[in-house]
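Residues per chain are reported as follows:
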Amino acid sequence: MTFNARSAWAIYKRELMRFLRTAFQSVLSPVLTTSLYFIVFGAAIGSRMPDLGGVSYAAFIIPGLLMLTLLGETTSNSSFGIYMPRFTGTIYELLSAPVGVAETLVGFVGAAATKSLILAGIILATAMLFVDYTIAHPFWAILYIMLVASSFSLFGFILGIWADNFEKLGIIPMLFLTPLTFLGGTFYSIDMLPKPWDTIALANPIVYLVNGLRWTFYGTSDVSIGVSLGLTLGFLAICVAIIAIIFKTGWRLRS
Amino acid sequence: MATKGNCAMNLSPMQPILEISGLTKRYAGGLVALDNVDLAINRGELFALLGPNGAGKTTLIGAVCGLVRPTSGTIRAFGHDLAKDWRTARARIGLVPQELATDMFEPVERAVAYSRELFGLAPDKARIEEILRSLSLWDKRKERIMALSGGMKRRLLIAKALAHEPDLLFLDEPTAGVDVELRRDMWKLIGAMRERGVTIILTTHYIEEAEEMADRVGIIRNGRILMVDDKAEMMKRLGRTEAVISLASPLSNIPASLEHFAIHLENAGSSICYRGGDGTGKGRSEVADLTKALIAAGIDYTGIDIRESSLEDIFVDLVEERETEGVQ
Ligand SMILES: Nc1ncnc2c1ncn2[C@@H]1O[C@H](COP(=O)(O)OP(=O)(O)O)[C@@H](O)[C@H]1O
Ligand SMILES: [Mg+2]
């Protein structure tokens, strides 16, 4: 298989520049939102909450909040990255270039994932202003964040190709991602749920993401890290397969 | 390369740069935009594709450039089958699309540099500068694309298409909606690219331009190529001379001595109308003979209007002719 590294690098660079142009908004909004969550849930409510699994409530919600922002921002960044060229017609250039699925993914998805990593770093730094916390497995934390960022960049990419209007572009994150993340144990441990909800909650895939990240932070979680890791990798593989099919058939890309 | 004139194998030593055969495109809705198209483009030529709106010009270009998936048929560029060796071929093809599709916020210079690298070439500031200067975009290199006028955006699209130094360039209606001055510049530029050996395929509405610049012309309608010919050949085959001779006093009928000319009376007998010849000047000499015959017959005239039919007339005739054929 041929890989045109120069082309992939060109796309990656350009997408990152697009991010830097709007860096202020891209960073300000998540930082503000996260700060508000810490003030309301961490400081105001958290002070009346017992520790969960040996972690203060304010610290407990950090991985969940990070996941909340990460999933939303990554998906929307990535979906916009490919949707806008389709919408404005500039995608003609990409389609006429000697560039295949590999270069496109490394370029677009790599850039979206990079943005998410930067964002994650900023959110964790913001959290430090409010909460005293340490990360138990920093290596795994970074790896897991990278894995989630890549998976949801791919997911966003599919969304951006599937959507044929702006409503559709926004509907999946709004209708599924945000509610499932809220219900996915961001602000609570699913052990705290009454029966049968604690079991039903396990059907929510986001539970595994939040808990996977929580394990890398504090070494404890509601589900095993192996299951979390396996599910995330499976999701990533499914997204790659779908994108490969999209490129092979030209679906929504070539008329 | 000593070739013997009688060697049949060497009759066409130049392989076409682009060979399209049996190309059909049926869109999802069922519309057949290209119907079994065969077309060969020679290296270094400027080929003009003429056709009314919806004829399939953009679809044809899209099929070569990878924007449209052919339903059937084969396309070979530089000897590579595009279905298999698309990477190699695409790296050498440039496209200036019909629609002004541009990024809004990107600065001009960066947009052109991106195009070069996207096509796999190493960054080259000097080359980018040369391209921007040749398109009068150098002064605007730092500006965001959205600050450019429509004409400037079109130049930018050309600059982007040239950034990877293509050997084959498609220009889809490059002068549509462009002011006169820019159009002239554009043609100068196209002329210069052709001098450099770039093969150019363009579509245009301005037939005079095709007439002036193109080596060969193809006429397409309803997804079918009606005719491809050397421009001079086409004029010779289909060209006509038209002359209107205003008479000093009206005639009621054409005298027998003039009957062998292809003429008829118009404006209640106050003018004689000639239509004939073949686009190589035969018509003009016939008109000269006609005027001598008029004098010999004692018919006085006050003026002569003479014109050669343009490619446009030919084009309109041809398209209308096929249209009426289609109705029957
Ligand atoms: N994406 C598409 N889906 C369906 N029909 C299309 C599409 N693009 C073009 N067509 C139709 O195909 C025909 C040829 O279009 P086009 O190639 O754009 O013609 P031209 O460029 O000569 O004006 C037209 O009837 C047009 O409506
Ligand atoms: Mg067109």
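Residues numbered from 1 in each chain as written. Chains lettered and ligands numbered in written order. Predicted model: local features only at pLDDT ≥ 70, side-chain atom pairs only at ≥ 80, totals over all residues. Heavy atoms only, no water.

Novice: So what's going on with the confidence of the model for chain A? Residues and values would help.
Specialist: On average, residues of chain A score 90 in pLDDT, and 100% of them are at 70 or above. Ranking the elements of chain A by mean pLDDT puts helix α2 (residues 23-45) of chain A last, at 83, and helix α4 (residues 91-96) of chain A first, at 96. (pLDDT = per-residue confidence, 0-100. Helix = DSSP H or I, 4+ residues; strand = E, 2+ residues; numbered from the N terminus.)

Novice: Run through the site of ligand 1, naming residues and quoting values.
Specialist: Lining the immediate surroundings of ligand 1 are S255 of chain A together with Y27, L31, A33, P52, N53, G54, A55, G56, K57, T58 and T59 of chain B. The site occupied by ligand 1 is bordered by residues of chains A and B. Taking K57 of chain B, its main chain carries an N or O atom lying 2.9 Å from an oxygen atom of ligand 1. A distance of 2.7 Å separates an oxygen atom of ligand 1 from a polar atom in the side chain of T58 of chain B. Surface burial for ligand 1 is 63%, taken as the share of its 560 Å² of free accessible area covered by protein chains. With three residues, the top contributor of residues to the shell around ligand 1 is helix α1 (residues 57-65) of chain B. (Near = heavy atom within 4 Å. Polar contact = N/O pair within 3.5 Å; in protein donor to acceptor, adjacent residues only side chain to side chain. Areas by Shrake-Rupley, 256 points an atom, 1.4 Å probe, with all protein chains shown as cover.)

Novice: Tell me about the coordination of the magnesium ion (ligand 2), residues and numbers included.
Specialist: All names here are of chain B. The magnesium ion (ligand 2) binds to the protein through T58 (OG1) and Q98 (OE1); the donor distances cover 2.0 to 2.2 Å. Remark: Q98 occurs in the loop between β6 (93-96) and α3 (108-118) and T58 occurs in helix α1; sequence separation between them is 40 residues. Take Q98: its relative accessible area is 27%, and that puts it in the partly exposed class. (Donors = N, O, S within 2.8 Å, 3.2 Å for Na, K, Ca; no water. Buried < 20%, exposed > 50% of the residue type's maximum accessible area, 1.4 Å probe, protein only.)

Novice: Give a description of the side chain of K57 of chain B that names residues and reports values.
Specialist: Residues and elements named next belong to chain B. With respect to the helices and strands, K57 occurs in helix α1. One buried charged side chain, K57, makes no salt bridge at all; its nearest oppositely charged neighbour is E173, positioned 4.0 Å away. A polar atom in the side chain of K57 sits 2.8 Å from the backbone oxygen of G51. Those residues in contact with K57 that sit more than four places away from it in its chain are L49, L50, G51, P52, E173, T203 and I220. (Lys, Arg positive; Asp, Glu negative; His and termini not counted. Salt bridge = Lys/Arg side-chain N within 4 Å of Asp/Glu carboxyl O. Contact = heavy atoms within 4.5 Å.)

Novice: Quick rundown of unusual backbone geometry? Include the residues and the values.
Specialist: The amide bond that connects K195 of chain A to the next residue, P196 of chain A, takes the cis arrangement and shows omega of 0°. Looking at where P196 of chain A falls in the secondary structure, it is placed in the loop between α7 (166-183) and α8 (197-200). Positive phi values are uncommon outside glycine, yet E165 of chain B reaches one of about 50°. Within the fold, E165 of chain B resides in the loop between α5 (150-162) and β7 (168-172). The backbone phi angle of E173 of chain B is positive, close to 50°, even though this residue is not glycine. With respect to the element layout, E173 of chain B can be found in the loop between β7 and α6 (180-195). Using a relative accessible area of 4% as the deciding quantity, one classes E173 of chain B as buried.

Novice: Please give an account of the sheet that holds strand β1 (residues 18-26) of chain B that cites residues and values.
Specialist: Residue and element names in this part refer to chain B. The sheet built from four strands is open, its strands ordered β2-β1-β4-β5 with antiparallel pairing. Strands with a single pairing partner mark the edges of an open sheet, and in this sheet they are β2 (32-41) and β5 (80-81). Looking at chain direction, β1 and β2 are connected through six bridges and run antiparallel. Residue L18 lies in a different strand from β2, and its bridge partner there is I41. Here α1 sits on the sheet and contacts β1, β2 and β4 (72-77); the angle it forms with β1, its principal contact strand, is near 115°. (Pairing = 2+ DSSP bridges. Axes fitted to C-alpha atoms, helices over the stretch in contact; angles between N-to-C directions.)

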